[in-house]
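Here's the letter readout for the chains.
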Amino acid sequence: MARRSARSPSRLGVAGSILAAAICVALIGLLVVRFTAATHAVVASAAHPLNRHIAPDVTISLWNGTPNATLELARLRGQPVILNFWASWCEACQQESPLLAAAWQHYHAHGVVFLGAALDTPPADGVQFLRQFATPYPAGAVPTEATATAFHLIGLPATMFIDRSGTVVSRVDGQLTASTLANGLRSIVG
């Protein structure tokens with residue numbers, strides 16, 4: 001009669017391992033689907049709680065421009081503002097960066113202020129991102145958790161279109177396209 005070795009796995013142990021692996025794969029798949037949907041969702045103007053309300057104030061610690069400078073969003077009232085939330089590790093942020101830089105080239109002469117607000121990004125990575133993508137407008141770090149809560153961020157990138165009165169007129173959650181950027185600009189430049 002053959003004896004079972006103490007080292008050989010039992011059928012129950014193998015089945016349990018397979019079940020645990022299947023559950024892990026399913027959970028990872030669900031997370032990927034949810035994250036992808038969140039980063040590609042375009043929120044309609046009337047549907048978001050911040051729209052038609054004054055934008056929360058946020059202070060950006062600038063990584064480009066004057067060393068140790070900060071910029072407060074509330075001080076920009078009277079000017080239309082595009083506030084883009086990004087992170088250095090975010091692929092969609094990298095892909096939309098040239099579009100924002102090109103729009104800045106045209107619209108900053110018309111008084112539109114572009115701001116980049118980095119979340120969850122170490123300073124060295126953020127500065128490298130700004131150099132790599134030749135970001136021409138003020139950009140830097142904001143407090144991640146407080147800012148994400150105040151602006152109801154569901155993922156990155158996210159872009160707020162703020163009119164001269166400081167009111168959020170529209171927003172795009174997810175990567176900007178030429179069309180969504182043009183629509184947002186029309187909503188604040190009018």
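Residues numbered from 1 in each chain as written. Predicted model: local features only at pLDDT ≥ 70, side-chain atom pairs only at ≥ 80, totals over all residues. Heavy atoms only, no water.

Chemist: Explanation requested: the layout of surface pockets in the structure shown.
Modeler: The rolling of a water-molecule-sized probe over the atoms marks out the regions of remaining empty space. If you add up the space inside the largest pocket, you get close to 170 Å³. For the largest pocket, the lining is made up of 10 residues, of which L119, A148, I154, G155 and L156 are closest to its centre. In terms of residue class, the lining of the largest pocket is made up of 7 nonpolar, 2 polar and 1 charged. (1 Å grid on protein atoms, 1.4 Å probe; cavity = no way out; pocket = protein on both sides within 12 Å on 5 of 7 lines; lining within 4 Å. Points joined across faces, edges and corners; volume = space filled by probe spheres on them. Nonpolar A, V, L, I, M, F, W, Y, C, P; charged D, E, K, R; others polar.)

Chemist: Which parts of the structure should I look at to understand the sheet that holds strand β6 (residues 158-162)?
Modeler: Whenever strands of a sheet pair, they do so through backbone hydrogen bonds, lying parallel or antiparallel. Read from one edge to the other, the open sheet built from 7 strands follows the order β2-β1-β5-β4-β3-β6-β7, with strand pairing classed as mixed. Either end of the sheet is taken by a strand with one partner, and the two such strands are β2 (70-72) and β7 (168-173). Shown here is a sheet whose adjacent strand axes are inclined to one another by a mean of 30°, direction ignored. Helix-sheet contacts for helix α2 (residues 91-107) involve β3 (81-86), β4 (113-118) and β6, and the interaxial angle to β3 is about 160°. Taken strand by strand, helix α5 (residues 178-189) contacts β3, β6 and β7, and its axis lies near 25° from that of β6. (Pairing = 2+ DSSP bridges. Helix = DSSP H or I, 4+ residues; strand = E, 2+ residues; numbered from the N terminus. Axes fitted to C-alpha atoms, helices over the stretch in contact; angles between N-to-C directions. Contact = heavy atoms within 4.5 Å.)

Chemist: When you look at empty space enclosed by the protein in this model, what are you seeing that I'm missing?
Modeler: Taken as a whole and judged by the stated rule, the model has 2 cavities of 30 Å³ or more. Considering only enclosed or pocket space, the largest cavity measures out at about 70 Å³ in volume. Every residue lining the largest cavity is listed: A55, P56, D57, L73, A74, L76, R77, Q79, V81, I162 and G166. Tallied by class, residues from the lining of the largest cavity come to 7 nonpolar, 2 polar and 2 charged. Taken as a whole, the second largest cavity holds about 60 Å³ of empty space. Surrounding the second largest cavity, N84, W86, C93, S97, L100, G116, F129, L130, T135, Y137 and A139 form its lining.

Chemist: What is the right way to look at the confidence of the model for the protein in this model?
Modeler: Reading predicted coordinates in detail is not appropriate for stretches of low pLDDT. Mean pLDDT for the protein: 84, with 74% of residues reaching 70 or above. Contacts of residues 29-46 to residues separated by more than four positions or lying in other chains number 20 contacts, the stretch itself having pLDDT below 50. (pLDDT = per-residue confidence, 0-100.)

Chemist: So what exactly am I meant to see when it comes to helix α3 (residues 123-132) here?
Modeler: Residues of α3 that are buried include every one of G126, F129 and L130, and no others. Along α3, the residues classed as buried sweep out an arc of 95° about the axis, all on the same side. Those residues of α3 that are exposed and angled more than 90 degrees off the buried face are A124, R131 and Q132. Of the surrounding elements, those touching the buried residues of α3 are β3, α2 and β5 (139-141). Phi turns positive, to about 45°, at A134, one or two residues after α3. (Buried < 20%, exposed > 50% of the residue type's maximum accessible area, 1.4 Å probe, protein only. Arc of directions from axis to C-beta.)

Chemist: What exactly am I supposed to notice about the nonpolar core here?
Modeler: One finds L73, L83, F85, L115, F151 and M160 to be the most contacted residues of the largest nonpolar core, which totals 34 residues. For this core, the secondary-structure elements that each account for two or more residues are β1 (59-62), β3, α2, β4, α3 and β6. L100, W104, V112 and F161 belong to the second largest nonpolar core, which has 14 residues in total. (Core = buried A, V, L, I, M, F, W, Y, C linked by side-chain atoms within 4.5 Å.)

Chemist: Can you help me understand α2 in this one?
Modeler: Helical periodicity: at 3.6 residues per turn, an α-helix aligns residues three or four positions apart in one direction. Taking 1.5 Å of rise per residue, 17 residues should cover 24 Å, and α2 covers 25 Å from first to last C-alpha, within 8% of that figure. Most pronounced at S97, the bend in α2 amounts to some 35°, and the proline P98 follows within four residues. On the buried face of α2, the contacting elements are β3, β4, α3, β6 and α5. (Expected span 1.5 Å × (residues − 1). Bend = angle between axes of the 7 residues up to and from the residue.)

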